[in-house]
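The chain contents come next:
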Amino acid sequence: MRRKIVFAAGITTVVVGLGSLASVSFADADSATDAGFSDNFEDGDTAGWSKSGGTWSVVSDGSKVLKQTKTGATLARQFAGLTDWADYTVQARVEPLSVAADGYAAIVARSTSATSFYRLAVTGTNKVRLESVKSGTATVLSEAALTVTAGTTYTLGLSVNGSTLSGSVNGASVVTASATAFAKGRIGLQTYGASAQFDDVSVTVGSTSTPTSSPTTSPTASPSGSFESSPIGFGAGTTGGAGGTTVQITSLAQLVAEAASDGPKVLQLSTVIQGGGDDQVVVSSDKTIVGVTANAGLTGGGFFIKKASNVIIRNLKISFAQAPTDLIAAQVSDHIWIDHNELFNDTSHDKDFYDGMVDLTHATDFVTVSWNYLHDHFKGSLVGHSDSNAAEDTGHLRVTYSHNWFDNVASRLPRLRFGTAHLYNNLFTNAATSGIHCLMSAQCLVQNNVFVNVKLPVWTTEDSDEDGFAVISGNDFGGEAPVITQTGTFATPPYAFPLGATADVSALVKAGVGTGKI
C-alpha cells in the first residue's frame, strides 16, 4: 500500500509506504446522537470504540486517557459516529508521545469512508496541517508552523461549516480553508508513525466556530475593583524602581537628572511638568515614573528608554505640545510596563508632524502596554522601525497590549515588524486609515477586541517588503473585514492572562483606562 500527499499548489508529492493499520472509531451510533457526544474515558474502558491496527488501551495519566503505543508505519484510518453529521466541531486533547519525521497525531471530521475525510494533524515536521483526504490521497489545504514536542498536550479543534473548515490549537484558530469534497460524515482519531494519548473527545453538532480559549487564570481587573499591581503578559517580571529611593519630582531639570541616574528609584510626579518643546527625558534602568495625582504628567516632551531594563511608566498624562518626538519610545531595552497613562496630542497638523505615542524599536523586548487611553493622534504605536532591521529585531519585539483604548488614532494600532504581539480586550474606535498592521513576518495574536469605525481592523499586507501573520479569535470587527494573507503560528501565549468576554470590553475599558484609576 502507498500513501500519496499532494500539496494544494500541486507542486510537492510525497509517497510513504504503509505497514499495519492503527485506528479508533465508533463501533455503532449508540454513543452518539444528533447533538453530538463526548468521552473522557473516565469509565476506564473503550466501550463504543473499536480499533483496527495499533495497540490501544485506556491508561491513567493523572486522569484516564486513550493511548496508542504502536509506532513505525502504523496508520489510523477507520472512523465512526453518525454518518449524517454535517456542520459540527470535533475537539480532543492530543498528546504525541513520539512522532517520526513523517508521522502525525490527528483528529478527523466528515469521514465518508475509511479513506475519505478531512483531517487536522500535528506532525513530526513541526506543522499543524489541515488536509482533505480522498480515496487515500491527502491534499494539504492549509498549514502553519507549530513546535510539536513529545509529551506536550495540544487541544485540537476541527470545525466544518458548509464549505468552511477551521482548525485550532489550544483554542486559537491557526488554519482555515474552503473545501467541498465532503458534506457530512463521521469522526475519528488517528496516528501514523507516532504513539499518542487522546482525551476529552467531544462533538458539538450545529454551525459552530472553532472553540476559543478562555485562559482566565487571574481575576480580570475592573474599574470598581483592583487593577493589576504588576504587569501581565510579555512584560511580566518588570519591577521598575521597587526597593529604591522615592523622589518627589517638581521640575523638568530634576526629572531629567533623576530619570538618567544610576540605581533603582521611584520618581513621583504630582503636577504637570512642562517640557521645552523637543525634550525627551532619557530613562535608565530600574526606574518607576508614576503620577501620584490624576493630572500629573509631562507636556511638551516625551520619555526615551534607551539601553535600559526594568522600567515602569504609570498614571501620567503625556502630550507633545509641539515636539516632533515620541511620547514614549524605547530602543535596545527590555522589561517595560506602560500602564494607565493618557497619551494624546491633536490631529490638526499634518500626519507626519508628530511621531508615535508608543514606539518600540531596535530589539526592544518583553513589554506590556495596558489600560492606557491613547487618543487624537495620527500614529499610535510602532513596533520595529524599518523593513531592513531584521538582523537586530528578529527574536525580539515581544509585546502584550491589553485593555487599551485607541480613539481617533488614525493608524498603527500597532504597526508591527518582525516581532510578536498579543492583543486582547482592547477597544479601537474611529481609526480612519487602519488598525492592527502586521508586517515583515511579524506574528500577531488578536483576541476578544472591539473595533468601532476602524478601517482594516487587522491586516497583514501592503506597505512593506513582506507580509506578516495573524491569528484572530473572538473579535467584534464592527462590520469591517480583516485582511489576513497568512495565518500565524503564535496561537497560545507563554503566560497566563485574564481573557474577558468581548461583550464586556467597551464598557470595561472606557471606565478603566487612563489616569486616576490606580
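This text goes with the structure placed above it.
Here the structure is a predicted model, which is why all the values come from computation and not from measurement. (Residues numbered from 1 in each chain as written. Predicted model: local features only at pLDDT ≥ 70, side-chain atom pairs only at ≥ 80, totals over all residues. Heavy atoms only, no water.)

Participant: Account for the state of the cysteines, with residues named and values stated.
Facilitator: Counted according to the given criterion, the structure contains one disulfide. Residue C438 pairs covalently with C444 via a disulfide, S to S 1.9 Å. Between C438 and C444 the sulfur-sulfur dihedral comes to about -115 degrees; the bridge is accordingly left-handed. Per residue, the accessibility class of C438 equals that of C444, and both read buried. (Disulfide = S-S within 2.5 Å. Buried < 20%, exposed > 50% of the residue type's maximum accessible area, 1.4 Å probe, protein only.)

Participant: Help me get a handle on the side chain of S370, residues and values and all.
Facilitator: Note on placement: S370 falls in strand 27 (residues 365-370). Only 2.9 Å separates the side chain of S370 from the side chain of W337, close enough to count as a polar contact. Residues contacting S370, with those up to four places away along its chain left out, are E228, W337, I338, D339, H340, S402 and N404. (Helix = DSSP H or I, 4+ residues; strand = E, 2+ residues; numbered from the N terminus. Polar contact = N/O pair within 3.5 Å; in protein donor to acceptor, adjacent residues only side chain to side chain. Contact = heavy atoms within 4.5 Å.)

Participant: Talk me through the environment of E480; I want residue IDs and the actual numbers.
Facilitator: One can find E480 in the loop between strand 39 (469-473) and helix 3 (502-512). Sequence separation between E480 and F451 is 29 residues, and the spatial gap between their C-alpha atoms is 8.5 Å. With residues up to four places along the chain from it excluded, the contact list for E480 reads V454 and P457.

Participant: I'd like a description of the sheet that holds strand 36 (residues 443-447), backed by residues and values.
Facilitator: What the 10 strands build is an open sheet, ordered 16-17-19-21-24-27-30-33-36-39; its pairing is parallel. Each edge of the open sheet is held by one strand with a lone partner, namely strand 16 (245-249) and strand 39. Across the sheet, the mean angle separating the axes of adjacent strands is 10 degrees when strand polarity is ignored. Pairing of strand 36 with strand 39, which is carried by five bridges, proceeds in the parallel orientation. Across the sheet, V446 pairs through a bridge with I472, a residue of strand 39. Contacting strand 16, strand 17 (265-269) and strand 19 (287-291), helix 1 (residues 252-260) runs over the sheet at an angle of about 160 degrees to strand 16. (Pairing = 2+ DSSP bridges. Axes fitted to C-alpha atoms, helices over the stretch in contact; angles between N-to-C directions.)

Participant: Which residues make up helix 1, and what are the values?
Facilitator: Because each turn of an α-helix spans 3.6 residues, side chains separated by three or four positions in sequence point in the same direction. Along helix 1, the residues that are buried comprise L255, E258 and A259. With its buried residues spanning 100 degrees around the axis, helix 1 presents them on a single face. (Arc of directions from axis to C-beta.)

Participant: If you had to explain the pattern of salt bridges to someone new, which residues and values would you point to?
Facilitator: Think of it this way: side chains of opposite charge can pair up when their charged atoms draw near. Here the structure, examined in full by the defined rule, presents 10 salt bridges. When the shortest N-O distance is used, the salt bridge between E143 and R129 registers 3.1 Å. Residue E143 is found in strand 11 (residues 137-145), and its partner R129 is found in strand 10 (residues 127-134); the two are separated by 14 residues along the sequence. Classification of R129 by relative accessible area gives buried; the value is 11%. For D387, the salt bridge identified is with R417, shortest N-O distance 2.7 Å. Within this pair, whereas D387 is found in the loop between strand 29 (381-383) and helix 2 (390-393), its partner R417 is found in strand 32 (residues 415-417), the two being separated by 30 residues in sequence. By sharing partners, the salt bridges in this structure join K127, R129 and E143 into a single network. (Salt bridge = Lys/Arg side-chain N within 4 Å of Asp/Glu carboxyl O.)

Participant: Kindly report on the packing of aromatic side chains, identifying the contributing residues and their values.
Facilitator: Applying the stated rule across the entire model yields 14 aromatic pairs. Taking 4.8 Å as the distance between ring centres and 50 degrees as the angle between the ring planes, the aromatic pair formed by Y424 and F497 counts as tilted. Here F497 lies in the loop between strand 39 and helix 3 and Y424 lies in strand 33 (residues 420-424), a separation of 73 residues in the sequence. By relative accessible area, F497 is classed as buried at 2%. Taking the centre distance of 6.1 Å and the plane angle of 75 degrees together, the rings of Y495 and F497 count as edge-to-face. Note on accessibility: Y495 and F497 belong to one class, buried. (Phe/Tyr/Trp six-rings, centres within 6.5 Å; stacked < 30°, edge-to-face > 60°.)

Participant: Which residues make up the side chain of Q190, and what are the values?
Facilitator: Following the sequence through the fold, Q190 ends up in strand 15 (residues 186-205). For Q190, a relative accessible area of 0% corresponds to the buried category. Of the polar contacts made by the side chain of Q190, one reaches the side chain of Y104; its length is 3.5 Å. Apart from residues no more than four positions distant in its own chain, Q190 is found in contact with A76, R77, F79, Y104, A105, A106, V108, F117, R119 and F198.

Participant: Go over helix 3 with me, naming the residues and quoting the values.
Facilitator: For helix 3, the full list of buried residues reads T502, V505, L508, V509 and G512. All buried residues of helix 3 project into a common sector of 95 degrees when viewed along the axis, lining one side. Those residues of helix 3 that are exposed and angled more than 90 degrees off the buried face are A503 and A507. Among the structural elements, strand 31 (405-411), strand 34 (427-431) and strand 37 (450-454) are those in contact with the buried residues of helix 3.

Participant: Go over the nonpolar core with me, naming the residues and quoting the values.
Facilitator: In a soluble, globular protein the nonpolar side chains are often hidden away together inside. In terms of nonpolar packing, the biggest core is built from 54 residues, with L255, F303 and I436 touching the most fellow members. One finds F37, L82, A92 and V160 within the second-largest nonpolar core, a separate group that totals 41 residues. (Core = buried A, V, L, I, M, F, W, Y, C linked by side-chain atoms within 4.5 Å.)

Participant: Provide a residue-level description of the pairing of strand 17, including the pertinent values.
Facilitator: In terms of residue burial, strand 17 counts as a mostly covered element, since five of its five residues are buried. Residues of strand 17 alternate between two faces, with K265, L267 and L269 on one and V266 and Q268 on the opposite face, all of them buried.

Participant: Can you explain unusual backbone geometry? Please cite residues and give values.
Facilitator: For the bond running from L413 to P414, omega is 0 degrees, close enough to zero to count as cis. Within the element layout of this structure, P414 appears in the loop between strand 31 and strand 32. Positive phi is not limited to glycine here, since S135 has a value of about 50 degrees. Within the secondary structure, S135 sits in the loop between strand 10 and strand 11. The phi torsion at R412 lies on the positive side, around 60 degrees, for a residue other than glycine. Relative to the assigned elements, R412 resides in the loop between strand 31 and strand 32.

The values are spatial; any link to function lies outside them.
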